[in-house]
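Spelled out, the chains give:
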Amino acid sequence: MEKLAKFIIKSRYWIIALTLVITLVLGSFIKNLQINPDILSYLPKDDSVSVLFDQIGEKYGGNQTAVIGFKTDDIFTTNAFKTIEQITDSAEAFDGVSTVISLTNVIDIKEVDSVLEIGKLINEEQFPLSDNELKDLKKYVLSKDMYKGTLVSEDATMTMIAIKFSEGVDKTKSAVLLQKKINKIHTSGKLYYGGLPYMLKNVGDIILNDIIFLGPLAFLVIAITLFFGFKSFSGVVLPLLSVGIAIIWTLGLMALFKYEITLVSNVSPIILLAVGSAYTIHVLNRINETTESDYHKKVQVALSYIIVPVFFASLTTMVGFVSFVFGSYLTMISSFGLFTALGVLFSLLLSVSFVPALLTSFKNKEKANFVKVKPNRKESKMILAFLKRINNLVFNHPKYIISVWAIIVIVFILGTFKIQRKVDMLDYFKKDDSGRLAEEMLREKFGGTLPVYITIKGNIQSPEVLKMMRKTEDYLESLPEISHAQSVADLIEEMNNIMGEGKIIPNDEGKIFNLWFLLEGQDIMEQLVSSDLDEGLIQGTLNTSDSKLMNRVVDKIQLFINNNKSNDFEIEQTGFPSIYKKLDKSLIKSQFQSLIIAIMLVFLAVAGLLKSVTKGFFASIPIIVTLIVLFGFMGFTGIPLDVATVLVGSISIGIGVDYAIHMITHYNYEFKKYGKIKEALEQSIKISGKSITINVVSVTFGFIVLLFSRLVPLQRFGALVGVTMITSGLATLTLLPAIIILSNRYLPKLFTINSLNTFVKKGINTTKEKLH
């Protein structure tokens, strides 16, 4: 590493110039970054559930419904119907809208003078309706299941206008523009905007707000923390400057390769601010602790030592993020892992090249306060006092320390069994969020806004297929989690009933043809059957957000489908319960896969760095303890596993193991120097402990900034990372030294020399001899 350190100092001007050029080039792309809050757009393209979901959108005029709720004292008044008509007409005329359904344009099937009549519930010629006509209409509408609870609330105080956007249209942007247009309409009641497009619009607004507000706030918090840690201007500027450049490079690459900012990658800059600054902190701290009189030599010696541990520390952090690339159901999580890992790599490269280059480029140290590194006398007395107490505690009571940690582990293991999972998008918003309140109102009045879809392929005009559609609807209605199931079979039954033959599907295909003829040309048919009549769509509404209940719904529907297989038709299900179940399974899969991958790779990296399997195991102990505390804390506090909190475990492994690497590497260095465990540990706790303490505080405060986010998963994410960083830091400063002391006391060869491999080989040879 000495040659590399010399090369960096010798090439310092070239390094600075190259860094500036790359920053300017990649920074120029950032203006092209787009925000995409649509989680559905990140579903895997080859997944059967998401493929069918997309096909439904293409065939039936969209798969996402935007809902406008209009609430007033009584919907059945002249003014209320004028408002409904205005909203409906405005939505129908809006570019990008495929279908609109409301009380003023919905289909109606009735008998008029013993003749079957199919038309609209209200004809335009009837406006304005008289008071008596409105009373009759109210009685008629509330008597029909087709309207009650779907378009009109049972108490007749709220109506719903359902809007679908065409495929290929930016649904979120269209929803925003449509809302602005509708808000211009003068109403005597209150408007509520719900459904997935509006929920995604709210998520997008929050993401933008977080980028504008939380990024600078995290920057300020970490700057204050660094100042109190280093007591120097350079101790603040250099870590933030290097990580700021790394963030520019990362966002620039995202824009260059057409990646968008998502619900998850929204926090990447804050993560990099908190994590990436650690590498420069360790570099500066090592320079502070190096006693060379010549400044260039001082930086060179410090760099020669610190490059290896900082490299492995960043490597393990990158492993934590890269683990998300494998096994993630949502592509936004894998891309988050990839680009955040790149950001960590950039932070590493800048901390060991750009920062030393900048430091050594200012020869006049007295005047160059920008890069002036203060001597040790300026260290924080608070940190030194804290580390001194830790040191005394470790050496005087190592058994007590291990016992306390053992109790903590046992208690938090119990909490891990209480972890819940949540994938409901409504849970993303605070309870007082206007978007959440609107969605809850629509769920209360109409049973929900999220669709359940079941497709039946076959001859849709055959009695067998229509009867199966009716049977499927009845089954869906029997499930308490689903309401308002409907299909073309409802229309056929209604027409057959008016014809006097009962509310059933006719057995005669000829009769069905005759009834079907009357339905041709009706707008609603495009939403119920395919154009070539080889597929029909059954739609229901999900009225729960409980993950377990949704999983049961999907399983029950699938069992129903399996029990009703036929050569005449093929049944498939999709929609939000199916998608949520996939997300739910992916949370568990991603959690286990990413944790296993991260733990294995981190263990191998640490064991390789320390050239000892035993030391690699010891370095992993604080991480294992941290993970147990993390998941136990989630169980005890009721924080669920969601799209954000699922990331914490692997991130904690990658970040937290940095502390153990620096501690053990420093211990090895000092042990070779002094030959005594006590002196080696004292120096390790004093010097590396200072960097660890500063980093724990800065990272924790950096992530706690996320508590100010309006997205609940990000609030949970920030709190959990804070908990894991504190736990990991304390475990490294107390538990790890205690283990080192006791292992050297009772198993001296196990930690002072690389003997585990020899021990294993001897065991194998002994076994072979006994077998012979």
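Not measured: the values here are computed from a predicted model.

**Remarks on the sheet that holds strand β2 (residues 97-101)**
And step 1. Read across the open sheet, the four strands follow the order β2-β5-β1-β6; overall the sheet is antiparallel. Two strands bound the open sheet, and with one partner strand each, they are β2 and β6 (190-195). Neighbouring strand axes in the sheet, compared pairwise and without regard to direction, differ in orientation by 20° on average.
And step 2. Here seven bridges tie strand β1 (residues 65-71) to strand β5 (residues 158-165), and the two strands are oriented antiparallel to one another. In the strand pairing of β5, Lys71 is matched with Met158.

**Considering a negative patch on the surface**
And step 1. Where like charges cluster on the molecular surface, the negative patch consists of Asp89, Glu92, Glu124, Asp523 and Glu526.
And step 2. On the secondary structure map, Glu124 appears in the loop between β4 (115-120) and α5 (131-142).

**A look at the pattern of salt bridges**
And step 1. The tally for this structure, following the rule as stated, stands at 19 salt bridges.
And step 2. Residues Asp555 and Lys581 are paired through a salt bridge, measuring 2.2 Å at the closest nitrogen-oxygen approach. Taken together, the residues Asp555 in helix α18 (residues 547-563) and Lys581 in helix α19 (residues 576-610) connect sequence positions 26 residues apart.
And step 3. The exposure class assigned to Asp555 is partly exposed, which follows from its relative accessible area of 41%.
And step 4. Salt bridges sharing partners connect three or more residues here, namely Asp108, Lys110, Lys144, Glu494 and Lys503.

**Topic: helix α15 (residues 463-478)**
Think of an α-helix as turning once every 3.6 residues; residues three or four places apart then point the same way.
And step 1. Helix length check: α15, at 16 residues, gives a terminal C-alpha distance of 22 Å against a target of 22 Å (1.5 Å per residue), a fit within 8%.
And step 2. Listed in full, the buried residues belonging to α15 are Pro463, Val465, Leu466, Met468, Met469, Arg470, Thr472, Glu473 and Leu476.

**What to know about the packing of aromatic side chains**
And step 1. As enumerated under the stated definition, the model contains 13 aromatic pairs in all.
And step 2. Between Tyr259 and Phe339, the aromatic rings sit 4.8 Å apart at their centres with planes inclined by 65°, giving edge-to-face as the arrangement. Linking Tyr259 in the loop between α8 (233-256) and α9 (268-289) with Phe339 in helix α11 (residues 331-361), this pair joins segments that are 80 residues apart in sequence.
And step 3. Assessed through its relative accessible area of 34%, Tyr259 is described here as partly exposed.

**Topic: the pairing of β5**
And step 1. Counting buried positions over the eight residues of β5 gives eight, a clear majority of the element.
And step 2. Burial along β5 is two-sided: Met158, Met160, Ala162 and Lys164 and Thr159, Ile161, Ile163 and Phe165, pointing in opposite directions, are all buried.
And step 3. Of the strand pairs in this sheet, β2 and β5 are connected by four bridges, and their pairing is antiparallel. Residue pairing for β5: Thr99 is matched across the bridge by Lys164.

**Things to note about the packing of helix α2 (residues 12-27) against α8**
To describe two helices that pack against each other, one gives the angle between their axes and the distance between the axes.
And step 1. Here α2 crosses α8 at 40°, and the two axes come no closer than 8 Å. Considered as vectors, α2 and α8 are oriented oblique to each other. Viewed along their axes, α2 and α8 form a crossing whose handedness is left-handed. The residues of α8 that touch α2, namely those facing Thr19, Ile22, Thr23, Leu26 and Gly27, are Ile245, Ile248, Trp249, Gly252 and Leu253.
And step 2. The residue makeup of the contact of α2 with α8, split by class, is six nonpolar, four polar and no charged.

**Notes on the pairing of strand β7 (residues 450-458)**
And step 1. Among the nine residues of β7, eight are classified as buried, and the element is accordingly described as predominantly covered.
And step 2. With eight bridges connecting them, β7 and strand β9 (residues 535-542) associate as antiparallel partners. For Tyr453, the partnering residue across the bridge sits in β9 and is Gln539.
And step 3. As paired elements, β7 and strand β10 (residues 569-575) share seven bridges and run antiparallel to each other. Bridged to Ile456 within β10 is Ile571.

**Thoughts on the packing of α9 against helix α21 (residues 648-674)**
And step 1. Between α9 and α21, the shortest axis-to-axis distance is 11 Å and the interhelical angle comes to 10°. On the basis of the axis angle, α9 is roughly parallel to α21. On α21, the residues that touch Ile271, Val275, Tyr279, His282 and Arg286 of α9 are Ile651, Ile655, Asp658, His662, His666 and Tyr669.
And step 2. The residue makeup of the contact of α9 with α21, split by class, is six nonpolar, three polar and two charged.

**Looking at the side chain of Ser353**
And step 1. Residue position: Ser353 is located in helix α11.
And step 2. Given a relative accessible area of 17%, Ser353 falls into the buried group.
And step 3. In terms of polar contacts, Ser353 uses its side chain to reach the backbone carbonyl oxygen of Leu349, at 2.3 Å.
And step 4. Excluding residues that lie within four positions of it along the chain, Ser353 makes contacts with Ile8 and Ile15.

**As for the environment of Met495**
And step 1. Here Met495 lies in helix α16 (residues 488-498).
And step 2. Take Met495: its relative accessible area is 0%, and that puts it in the buried class.
And step 3. Here the alpha-carbon distance between Met495 and Asp474, two residues 21 residues apart in the chain, equals 18 Å.
And step 4. Setting aside chain neighbours within four positions, we find Met495 in contact with Ile109, Leu116, Ile118, Leu515, Leu518 and Leu519.

**Description of a nonpolar patch on the surface**
And step 1. Taken together, the side chains of Ile35, Leu208, Ile211, Ile212, Phe213, Ile704, Leu707 and Phe708 present a nonpolar region at the surface, about 700 Å² in accessible area.
And step 2. Among the elements that take part in the nonpolar patch, helix α7 (residues 196-230) stands out by supplying four residues, more than any other.
And step 3. Counting through the fold element by element, Ile212 comes out in helix α7.
And step 4. The class for Ile212 is exposed, based on a relative accessible area of 58%.

**Brief notes about the environment of Gln86**
And step 1. Considering the arrangement of structural elements, one finds Gln86 in helix α4 (residues 78-92).
And step 2. Judged by relative accessible area, which is 40%, Gln86 ranks as partly exposed.
And step 3. Considered as a pair, Gln86 and His186 are 100 residues apart in the sequence and their alpha carbons are 9.5 Å apart.
And step 4. Excluding anything up to four places from it in sequence, Gln86 contacts Ile185 and His186.

**Brief notes about the confidence of the model for the protein chain**
And step 1. Predicted confidence across the protein chain gives a mean pLDDT of 84, with 92% of residues reaching 70 or more.
And step 2. Put simply, helix α25 (residues 756-771) is where the protein chain has its lowest mean pLDDT, 46, and α2 is where it has its highest, 95.
And step 3. Scored below 50 in pLDDT, residues 750-761 shows 18 contacts in the model against residues more than four places distant or in partner chains.

**Things to note about the sheet that holds β7**
And step 1. Pairing is antiparallel across the open sheet formed by four strands, whose spatial order is β8-β9-β7-β10. For this open sheet the edge positions go to β8 (482-486) and β10, each flanked by a neighbour on one side alone. Within the sheet, the average angular offset between the axes of one strand and its neighbour, ignoring direction, is 20°.
And step 2. Contacting β7, β8, β9 and β10, α15 runs over the sheet at an angle of about 165° to β8.

**Here's the deal with unusual backbone geometry**
And step 1. Phi is positive for Lys258, close to 65°, though the residue is something other than glycine.
And step 2. A positive phi angle is found at His484, which is not glycine, with a value near 60°.
And step 3. Position of His484 among the secondary structure elements: in strand β8.

**Points about helix α3 (residues 48-59)**
And step 1. For α3, built from twelve residues, the straight-helix expectation of 16 Å at 1.5 Å per residue is met to within 8% by its first-to-last C-alpha distance of 16 Å.
And step 2. Among all positions of α3, only Val49, Ser50, Leu52, Phe53, Ile56 and Gly57 are buried. Relative to the axis of α3, the buried residues are bounded by an arc of 165° and lie together on one face. Exposed residues pointing more than 90 degrees away from the buried face of α3 are listed as Ser48 and Glu58.
And step 3. Where α3 terminates, the next one or two residues include Gly61, which has phi positive at roughly 80°.

Cut-offs used in this document
Residues numbered from 1 in each chain as written. Predicted model: local features only at pLDDT ≥ 70, side-chain atom pairs only at ≥ 80, totals over all residues. Heavy atoms only, no water. Pairing = 2+ DSSP bridges. Helix = DSSP H or I, 4+ residues; strand = E, 2+ residues; numbered from the N terminus. Axes fitted to C-alpha atoms, helices over the stretch in contact; angles between N-to-C directions. Patch = residues over 30% accessible without salt bridge, like charges linked within 9 Å, V, L, I, M, F, W, Y side chains within 5 Å. Areas by Shrake-Rupley, 256 points an atom, 1.4 Å probe, with all protein chains shown as cover. Salt bridge = Lys/Arg side-chain N within 4 Å of Asp/Glu carboxyl O. Lys, Arg positive; Asp, Glu negative; His and termini not counted. Charge placed at Lys NZ, Arg CZ, Asp CG, Glu CD. Buried < 20%, exposed > 50% of the residue type's maximum accessible area, 1.4 Å probe, protein only. Expected span 1.5 Å × (residues − 1). Phe/Tyr/Trp six-rings, centres within 6.5 Å; stacked < 30°, edge-to-face > 60°. Parallel < 35°, antiparallel > 145°, perpendicular 65-115°, else oblique. Left-handed = near helix turned anticlockwise from the far one by under 90°. Contact = heavy atoms within 4.5 Å. Nonpolar A, V, L, I, M, F, W, Y, C, P; charged D, E, K, R; others polar. Polar contact = N/O pair within 3.5 Å; in protein donor to acceptor, adjacent residues only side chain to side chain. pLDDT = per-residue confidence, 0-100. Arc of directions from axis to C-beta.

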